[in-house]
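Results of the structural survey
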Amino acid sequence: MVRKIKAKLVLQFRNQGLSGRAISSAQGMSRHSVQAVIEAADRAGLGWDDVADLSDGEVYLALFPGRGVRESVFMQPDWGQVHRELARVGVTLKLLHQEYVDASGRAGQAAMSYDRFCRLYGDHAMVTGASSRVGHKAGRSIEVDWSGPTMQLVDPATGEVSKVYLFVACLPFSRYAFVEACLDMRQDSWLRAHAEMFAFFGGTVPRLVPDNLKTGVISHPREGEVVLNDAYREMAAHYSAAVLPGRVRHPKDKASVENTVSHVATWVIAGLRKEVFTSLAQLRRRIRDQIDAYNRQPFQKREGSRLSVFTAEEKPVLQPLPAVAFEISNWTYGRKVGRNGHVVWAKNFYSVPFAHIGSNVDLRVTETMLEIYRSDERLTSHLLLPATTANQHQTNEADLPEGRSWQAWDRARIDEWALRMGPATVTVISKIFESVPVEEAGYDPALAVLRLSRRFSPARVEAASQLALRGPIRSPRYAHLRPILDTGQDKTGIVPDEPEGDDGGYVRGGAYYAGGAR
């Protein structure tokens, strides 16, 4: 079980302050495996700084040189007493954990780590219904949600009114807010709003706390692991954040953003109710003005404003943004690689390394790129062909083995093959390409004609082509040449007389009654 998880990733998230349960929920890993990694790191005295420059394999070997780590038994503190003590001024979980460690030492029992201590206290507060008294920390989380109330855009030409949805984000420590207007609440809009949010804040945080909407969370059962949307998990990983959705029907799990949503209704929706907006860009500019005023509004029960607290205390501790902004992608699963070493996407063909011919692969499609994966391994990537093209081949030479037979077919190779067989065959191939709207559509019928030379000699195929061109068919194909070859007409050079145009069904025709042979 441990071997299948990424021990280095677990240590990275742990260094950012996430508990074992949080890492398990955010990354879809087994809690027992995550805990095994944490315990092994504690035993070996290894932290994130020690393994940051090592590969995943090296970290795993350092943590698990043997058969694994058995779970230890720790002395259990009085959680009720911990909760009561935490209400006192100046008392923190760190102080209470140190007192617990001292008591465990005097009792001669093993003491649990600080991370486990905090997690179990959170479980106690959840089970007993008590609210945890651990306050928000600067730069640790962002709460996100859609606003229930919406706004409107008016088409200046037709007067048609369209609905606009508001994405709302809040840093719980400073209550610094961000709002983005979107035309829908689909996956791309959700991800694009997150990217704009991180750019607005100028940094990232270890935790993202969304609601349980389908664009972020597939399922959040009462018991069991949270299943996240793949695209949302990928976006969060790009910004080194873990997704920790609030529990179903527990708005207090993201109380800050719920409070901000109500404020947005006042500051943005009500504040701009008398203005008419005809473009999304215009609406977004006015929303930024209103949110800037909202963030500058002084607090009623504490010093400063959202902006001043964010600037002085929270922005300096945000993690830096990645060098490259997140690119929105869509996944398509279970596409089969064809015998020609290509996979189909949007009516075009993209090459895959030949060793994977016949396998099922997954496609990650962005605005400019198409990446091909098998399990977690990226096999190859291509520049995305324009949406207006069809039946085009995008081929990386490195994806195909050496040898001309594996090269992608093109018109030049087909004409070269026909030329070796004779001028009549060249004419047949030319007429085939003249009859199709797109050149690539002629590859298959042309190759079907040329491959007749594998069953019959090239000379016979050439003779059959000559006979077919003398007939009434404007563009002879495989279906016309094959009967000529099967019946040997190419050897005699005689083309059978065509039936009269007025003959049909079982009527013998005028020649029969004029004294012809019966």
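See above for the structure.
A quick note: this is a predicted structure, and the numbers were derived from the prediction, not measured. (Residues numbered from 1 in each chain as written. Predicted model: local features only at pLDDT ≥ 70, side-chain atom pairs only at ≥ 80, totals over all residues. Heavy atoms only, no water.)

1. So, the packing of aromatic side chains
- Inspection of every chain in the model, using the stated rule, returns 18 aromatic pairs.
- Arranged with centres 6.3 Å apart and planes meeting at 50°, the rings of F201 and F310 form a pair that is tilted. Taken together, the residues F201 in helix α9 (residues 187-201) and F310 in helix α13 (residues 306-314) connect sequence positions 109 residues apart.
- The exposure class of F201 is buried, given its relative accessible area of 1%.
- Aromatic side chains F433 and Y443 sit 6.2 Å apart centroid to centroid with 75° between the ring planes, which places their arrangement in the edge-to-face category. Separated by 10 residues along the polypeptide, F433 in helix α15 (residues 423-434) and Y443 in helix α16 (residues 443-450) bring together distant segments of the chain. (Phe/Tyr/Trp six-rings, centres within 6.5 Å; stacked < 30°, edge-to-face > 60°. Helix = DSSP H or I, 4+ residues; strand = E, 2+ residues; numbered from the N terminus. Buried < 20%, exposed > 50% of the residue type's maximum accessible area, 1.4 Å probe, protein only.)

2. Brief notes about the sheet that holds strand β12 (residues 360-365)
- Strand order in this open sheet of four strands is β9-β12-β13-β14, and the pairing throughout is antiparallel. Looking along the sheet, the strands with just one partner apiece sit at the ends: β9 (330-336) and β14 (377-383). Ignoring strand direction, the axes of neighbouring strands in this sheet form an average angle of 25°.
- Pairing of β9 with β12, which is carried by five bridges, proceeds in the antiparallel orientation. Counted as the bridge partner of W331 is R364 from β12. (Pairing = 2+ DSSP bridges. Axes fitted to C-alpha atoms, helices over the stretch in contact; angles between N-to-C directions.)

3. Focus: the side chain of E371
- Checked against the element boundaries, E371 lands in strand β13 (residues 369-374).
- Aside from chain neighbours lying at most four places away, what touches E371 is D362, L363, R364, R378, T380 and S381. (Contact = heavy atoms within 4.5 Å.)

4. Describing helix α3 (residues 31-44)
- Relative to the 20 Å expected for 14 residues at 1.5 Å per residue, α3 spans 20 Å between its end C-alpha atoms, a close match to the ideal helical length.
- Those residues of α3 not exposed but buried are S33, V34, Q35, A36, V37, I38, E39, A40 and A41. (Expected span 1.5 Å × (residues − 1).)

5. Thoughts on the pattern of salt bridges
- This structure, assessed with the given rule, holds 14 salt bridges.
- For E371, the salt bridge identified is with R364, shortest N-O distance 2.8 Å.
- For E371, a relative accessible area of 10% gives the class buried.
- Accessibility expressed as a relative area gives 11% for R364, which makes it buried.
- The salt bridge involving D415 is made with R411; its shortest N-O contact spans 3.1 Å. With D415 and R411 both in helix α14 (residues 411-421) and four residues apart, the pair spans about one turn of that helix.
- One network of salt bridges, in which partners are shared, links E234, R364, E371 and R378. (Salt bridge = Lys/Arg side-chain N within 4 Å of Asp/Glu carboxyl O.)

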